[in-house]
Amino acid sequence: MELDNEQKPAQFDELMAFLDADTYDEKLEILYRMQLDLNDYLIDTMAVSLDVVIPEGDIDERYRQLKGCLQAKQKYEINRFR
């Protein structure tokens, strides 16, 4: 079942782009763009896709923790196209 534009949450396209991104660089870029629109659901969904747990708490702190996880994974990412 496909959602039409009226049923999609405002951040749906950005979330899908995050989930589909091939590199942690791309995921970080999308996270930066979404920073002001993040909520607990989005952070939880992104965290699950990265196989990490971001504890409940202040949304800004949760954003920082998610960003930190992405940056750590980015540091050790091996470029598959080399």
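Residues numbered from 1 in each chain as written. Predicted model: local features only at pLDDT ≥ 70, side-chain atom pairs only at ≥ 80, totals over all residues. Heavy atoms only, no water.

The subject of this paragraph is the packing of aromatic side chains. Taken as a whole and judged by the stated rule, the model has zero aromatic pairs. The ring of Phe-18 has Lys-27 lying over it, and the distance from NZ or CZ to the ring centre is 4.7 Å. (Phe/Tyr/Trp six-rings, centres within 6.5 Å; stacked < 30°, edge-to-face > 60°. Lys NZ or Arg CZ within 6 Å of the ring centre and 35° of its normal.)

Quick look at the packing of helix 1 (residues 12-20) against helix 3 (residues 40-50) now. Two measures define how a pair of helices packs: the angle their axes make with one another and the distance between the axes. Between helix 1 and helix 3, whose axes approach to 10 Å, the crossing angle comes to 15 degrees. By the criterion of interaxial angle, the relationship of helix 1 to helix 3 is roughly parallel. Judged by the twist between their axes, the crossing of helix 1 over helix 3 is right-handed. In this structure, helix 1 contributes Leu-15, Phe-18 and Leu-19 to the contact, and helix 3 contributes Tyr-41, Leu-42, Thr-45, Met-46, Ser-49 and Leu-50. (Axes fitted to C-alpha atoms, helices over the stretch in contact; angles between N-to-C directions. Helix = DSSP H or I, 4+ residues; strand = E, 2+ residues; numbered from the N terminus. Parallel < 35°, antiparallel > 145°, perpendicular 65-115°, else oblique. Left-handed = near helix turned anticlockwise from the far one by under 90°. Contact = heavy atoms within 4.5 Å.)

Before going further, it helps to examine the side chain of Lys-27. Looking at where Lys-27 falls in the secondary structure, it is placed in helix 2 (residues 24-34). A distance of 2.7 Å separates a polar atom in the side chain of Lys-27 from the backbone oxygen of Phe-18. Apart from residues lying up to four places away in sequence, Lys-27 is in contact with Phe-18, Leu-19, Ala-21, Leu-50 and Leu-70. (Polar contact = N/O pair within 3.5 Å; in protein donor to acceptor, adjacent residues only side chain to side chain.)

Okay, the pattern of salt bridges next. Under the defined criterion, the tally for this structure stands at four salt bridges. For Arg-62, the salt bridge is made with Asp-40, and the minimal N-O distance between the two is 2.7 Å. Of the two residues, Arg-62 sits in helix 4 (residues 59-75) while Asp-40 sits in helix 3, which places them 22 residues apart along the sequence. Given a relative accessible area of 1%, Arg-62 falls into the buried group. Arg-64 is the salt-bridge partner of Glu-61, the closest N and O atoms lying 3.2 Å from each other. Note that Glu-61 and Arg-64 are positioned in helix 4 at a spacing of three residues, about one turn of the helix. With a relative accessible area of 45%, Arg-64 lands in the partly exposed category. (Salt bridge = Lys/Arg side-chain N within 4 Å of Asp/Glu carboxyl O. Buried < 20%, exposed > 50% of the residue type's maximum accessible area, 1.4 Å probe, protein only.)

Packing of helix 2 against helix 4 leaves a shortest axis separation of 9 Å and a crossing angle of 160 degrees. With respect to each other, helix 2 and helix 4 are oriented roughly antiparallel. When you trace helix 2 past helix 4, the crossing you get is left-handed. Of helix 4, the residues touching helix 2 (which contributes Tyr-24, Asp-25, Lys-27, Leu-28, Leu-31 and Tyr-32) are Tyr-63, Leu-66, Lys-67, Leu-70, Gln-71, Lys-73 and Gln-74. Tallied by class, residues from the contact of helix 2 with helix 4 come to seven nonpolar, two polar and four charged. (Nonpolar A, V, L, I, M, F, W, Y, C, P; charged D, E, K, R; others polar.)

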